[in-house]
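# Chains, contacts and geometry: an overview
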Amino acid sequence: MKKLIVTIDGPAGAGKTTVSRKLADRLGYRYIDTGALYRGVAYEASHLGISSEDDERLKRLCRDLKLNLTRSKDGLRLIANGVDITSRIRTPEITMLASAVSARAPVRDYLLGLQRELGKEKCAVFEGRDMGTVVFPDADIKFFLIASQKTRALRRYNELKLKENMTIEKVEEDLTRRDANDSNRDLAPLKAAADAVIIDSTDLNADGVVSAMMAHIEDV
Ligand code: C5P
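Everything in this summary refers to the structure shown in the same document. (Residues numbered from 1 in each chain as written. Predicted model: local features only at pLDDT ≥ 70, side-chain atom pairs only at ≥ 80, totals over all residues. Heavy atoms only, no water.)

## Some points on the environment of Gly13
- Along the chain, Gly13 falls in the loop between strand E1 (5-9) and helix H1 (16-27).
- Taking the relative accessible area as the measure of exposure, Gly13 reaches 9% and is therefore buried.
- As a C-alpha pair, Gly13 and Gly40 span 27 residues in sequence and 19 Å in three-dimensional space.
- Residues contacting Gly13, with those up to four places away along its chain left out, are Arg152, Arg155 and Arg156. (Helix = DSSP H or I, 4+ residues; strand = E, 2+ residues; numbered from the N terminus. Buried < 20%, exposed > 50% of the residue type's maximum accessible area, 1.4 Å probe, protein only. Contact = heavy atoms within 4.5 Å.)

## Points about the environment of Ile85
- Among the structural elements, Ile85 can be located in the loop between strand E5 (83-84) and helix H4 (92-101).
- Sequence-wise, Ile85 and Arg39 are 46 residues apart; in three dimensions their C-alpha atoms are separated by 9.8 Å.
- Discounting residues that sit within four places of it in the chain, Ile85 has contacts with Gly40, Tyr43, Glu44, Leu78 and Ala80.

## Side note on the packing of aromatic side chains
- Per the counting criterion, the structure on display carries 1 aromatic pair.
- Between the aromatic rings of Phe126 and Phe136, the centroid separation amounts to 4.5 Å while the plane-to-plane angle is 55°, which identifies the pairing as tilted. A residue pair is termed long-range when its members are at least 10 positions apart, and Phe126 in strand E6 (residues 124-128) and Phe136 in the loop between helix H6 (131-135) and strand E7 (141-146) qualify at 10 residues. Taken as a pair, Phe126 and Phe136 share a single burial class, namely buried. (Phe/Tyr/Trp six-rings, centres within 6.5 Å; stacked < 30°, edge-to-face > 60°.)

## A closer look at the packing of helix H2 (residues 34-47) against H4
- At a closest axis distance of 8 Å, the pairing of H2 and H4 adopts a crossing angle of 100°. With respect to each other, H2 and H4 are oriented roughly perpendicular. Residues Tyr38, Arg39, Val41, Ala42, Tyr43 and Ser46 of H2 touch H4, and the partners they reach there are Ile94, Thr95, Leu97, Ala98 and Val101.
- In terms of residue class, the contact of H2 with H4 is built from 8 nonpolar, 2 polar and 1 charged. (Axes fitted to C-alpha atoms, helices over the stretch in contact; angles between N-to-C directions. Parallel < 35°, antiparallel > 145°, perpendicular 65-115°, else oblique. Nonpolar A, V, L, I, M, F, W, Y, C, P; charged D, E, K, R; others polar.)

## Digging into the sheet that holds strand E4 (residues 75-80)
- With antiparallel pairing, 3 strands are arranged side by side in an open sheet as E3-E4-E5. In this open sheet, the two strands that pair with only one neighbour each are strand E3 (67-72) and E5.
- When E4 meets E5, the two strands line up antiparallel, connected through 2 bridges. Across the sheet, residue Ile79 finds its bridge partner in E5, namely Asp84. (Pairing = 2+ DSSP bridges.)

Next up, the structure:
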């Protein structure tokens, strides 16, 4: 088996999570959801009442925080200092807070080290915003997944509506605000690496995207 680092970046709702998980299964690789790590920091900050602008306290929080992604039969679990916080990190509040803390240097520095550590063994699919640009500039193959704004909002809405009392308008508004934050920040903004393969998933289902990716991976 080839030992590769595969990166998948792109905006919210482009289908990265479903595709990354399926691709990792096809390859027999680990799947690393780096958004969950940012969500974990956001959750811990909110739990301790730390403002997303307080770099000093964020730095201390990260120094004392041990985040782990573990596999279970129900998928990936996020463990923070020994506590499973998986079910607490997908609320609309933590989603927006993750975007805010992800713009801060102490948080990005901390997670940069952790992500590179996780990549040491290779054989992994890393999903995020800056995987191909900053964390793994030498990744073996990089993908950047896009889809139309309407499609992305609808996908996110379908994911959320069972859990939250959301309208499609509110979902689209949050998504647009988050993408603007993520794309316009100074540190590691969301963008495609110059050498990334760009895939538009607007008219493709997850299996279609995975097949397109496999065709590229076979050439590596
Ligand atoms: O992918 P997900 O929606 O779970 O990511 C939550 C937030 O974490 C994103 O909006 C982004 O601000 C941040 N993030 C990041 N860099 C990554 C992954 C996520 O800044 N590599």
